[in-house]
Structures are given as C-alpha cells and as structure tokens.
Amino acid sequence: LMILGVLAALCGGAILAQRLLSRQHAIERREQTLELKQMEARAMLAGAGLWKQRLDWLHAHQPAMTSENQASEKLLEEMLAAAARHNLVVQKKQLHESSRQTFFHEVGVTLTILGDLPDVFRWMHGLLTPESFQLVSQLKIVPDAQDKTKVIATVRINRRHAPAITAVETPKEGAGS
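Residues numbered from 1 in each chain as written. Predicted model: local features only at pLDDT ≥ 70, side-chain atom pairs only at ≥ 80, totals over all residues. Heavy atoms only, no water.

**Structural notes on the overall build of the protein chain**
Our working rule: Under the scheme used here, helices are H or I runs from DSSP no shorter than 4 residues and strands are E runs no shorter than 2 residues, and both carry numbers assigned from the N terminus. All radius of gyration figures rest on C-alpha atoms, and the globule criterion is 2.2 Å times the number of residues raised to 0.38. Accessible area is worked out with a 1.4 Å probe on protein chains only. A residue is then buried under 20% of its type maximum, exposed over 50%, and partly exposed in between. Between two residues, a contact is recorded if the distance between any of their heavy atoms is within 4.5 Å. For every accessible area listed, the method is Shrake-Rupley and the probe measures 1.4 Å; residues are considered covered only by the protein chains on display. For the purpose of counting charges, residues Lys and Arg are taken to be positive, whereas Asp and Glu are taken to be negative. His and the chain ends are not included. Note on charges: their place is set at NZ of Lys, CZ of Arg, CG of Asp or CD of Glu.
Tallying secondary structure elements over the protein chain gives four helices and four strands in all. Going residue by residue from the N terminus, the α and β elements of the protein chain occur as α-α-α-β-β-α-β-β. Against the globule reference of 16 Å for 177 residues, the protein chain gives a C-alpha radius of gyration of 31 Å, more extended than a compact globule. Dimensions of the protein chain, computed from C-alpha atoms along their principal axes, come out at roughly 105 × 45 × 25 Å. For the protein chain, the residues scored as buried account for 24% of the 177 residues in total. Across the protein chain, contacts joining residues at least 24 apart in sequence account for 65% of those joining residues at least 6 apart. Accessible area for the protein chain stands at about 13100 Å²; split by element, carbon and sulfur atoms hold 59% of it. Placing the 21 positive and 18 negative side-chain charges of the protein chain at their respective mean positions leaves the two points 5 Å apart.

**Quick notes on the pairing of strand β2 (residues 105-115)**
This is how the line gets drawn: Strand pairing is assigned whenever DSSP detects at least two bridges linking the two strands.
Burial of β2 is extensive: eleven of the eleven residues sit out of reach of the surface. With burial as the criterion, each face of β2 is covered, one bearing His 105, Val 107, Val 109, Leu 111, Ile 113 and Gly 115 and the other bearing Glu 106, Gly 108, Thr 110, Thr 112 and Leu 114. Relative to β2, strand β1 (residues 89-100) runs antiparallel, the two being bridged by nine bridges. Along β2, the bridge assignment pairs Val 89 with Leu 114. Counting the residues that bridge the hairpin from β1 to β2 gives four residues. As defined by bridge partners, β2 adjoins strand β4 (residues 151-161) across eleven bridges and the pair is classed as antiparallel. The residue bridging Val 109 from the neighbouring strand is Ile 157, located in β4.

**Quick notes on a nonpolar patch on the surface**
The criterion, for reference: Candidates for patches are residues over 30% relative accessible area with no salt bridge; among them, like charges are joined within 9 Å and nonpolar side chains (Val, Leu, Ile, Met, Phe, Trp, Tyr) within 5 Å. We define a salt bridge as a side-chain nitrogen of Lys or Arg found within 4 Å of a carboxyl oxygen belonging to Asp or Glu.
Where nonpolar side chains cluster on the molecular surface, the patch consists of Leu 1, Met 2, Ile 3, Leu 4, Val 6, Leu 7 and Leu 10 and spans about 860 Å² of accessible area. Structurally, the position occupied by Leu 1 is in the segment before α1 (2-46). Judged by relative accessible area, which is 88%, Leu 1 ranks as exposed.

This is the structure:
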C-alpha cells in the first residue's frame with residue numbers, strides 16, 4: 001500500500017513537472033515574441049524622422065484635387081501636350097471615372113498613340129517623375145500594320161491627388177517615453 005502511495009506521488013509529480021515545463025516553454029516563446037516586437041518598434045522609431053520627412057514632402061508636393069472633372073481634364077491636356085512635344089499622334093483618348101482611396105484620389109486617362117518606339121518611351125519616361133504623382137497602370141504596344149517603323153501604344157495614365165483630408169496627427173516629441 002505504501003508502494004502504491006509512493007508510485008502515485010511519483011506519477012503525480014511527473015505530470016505536474018511536465019505541465020510546469022510546458023508552461024515555461026510557452027512563457028519563453030511569449031518572451032521571445034515580445035523581444036522581437038520590441039526590436040521592430042525600436043527600428044521603426046529610429047526611422048521615424050525619415051518617414052516624417054517623406055510625409056512633409058508628400059504634403060508639400062502632392063497635387064490637391066479641386067474637382068474630379070477639372071483634374072481629369074488637366075491630366076488629359078498635359079498628356080496631349082506632352083505627346084505633341086514628342087511627335088506622337090493621338091488616335092484615341094478616353095477619360096476614366098475617378099477613384100477615391102484612403103490616402104489618395106485618382107483620375108485617369110487612356111490614350112492610343114502612334115509614333116516611333118523611342119519617342120513613345122521618352123514620352124512615358126517624362127510622365128513618370130515622382131513630383132507628378134503619375135503612373136502607367138496599363139500598357140500595350142503593337143507594331144503599326146501600315147508603317148512597320150511605328151508602333152501603336154495604348155497607355156493608361158493615372159494621377160494620384162491628395163485626399164480631401166490630409167491632416168495627420170503627428171506624435172509629440174518624447175511622448176510614450
């Protein structure tokens with residue numbers, strides 16, 4: 001009977017020890033996760049100045065949208081003028097419905113242009129400066145069936161404007177320390 005009591009105590013102790021070890025491993029994993037999160041937070045805080053500069057640049061340079069129609073028309077006018085400067089012939093033009101996202105409003109135009117391939121790429125390269133907030137979201141280039149020295153490019157160009165509300169609350173220096 002005494003031997004059974006000792007065996008029961010040993011088995012109970014072994015089960016208890018196993019549960020305690022399992023909890024200890026869980027706590028160690030949680031500690032490692034928290035240490036990694038803390039390292040990530042420190043790295044993010046170290047780069048806060050750079051992101052603040054980027055946000056300031058964005059607020060200073062991103063065009064504001066006065067009206068969707070005016071923004072679309074202005075984009076179209078600029079694209080047509082740039083195409084003319086590069087000796088490109090605009091065969092077709094289409095304005096697109098504007099799109100509102102959280103961090104920007106976007107207007108777009110699709111142009112079908114005819115010209116020499118180098119001129120088409122120079123034209124697109126000139127459109128894609130960071131300050132213009134423009135992007136080419138679709139591009140299709142095919143050789144012209146009538147003149148093999150030319151190409152027909154169908155290009156969708158979008159411009160991203162600042163959203164109506166651009167105020168972002170910046171944290172106070174030293175807050176949270």
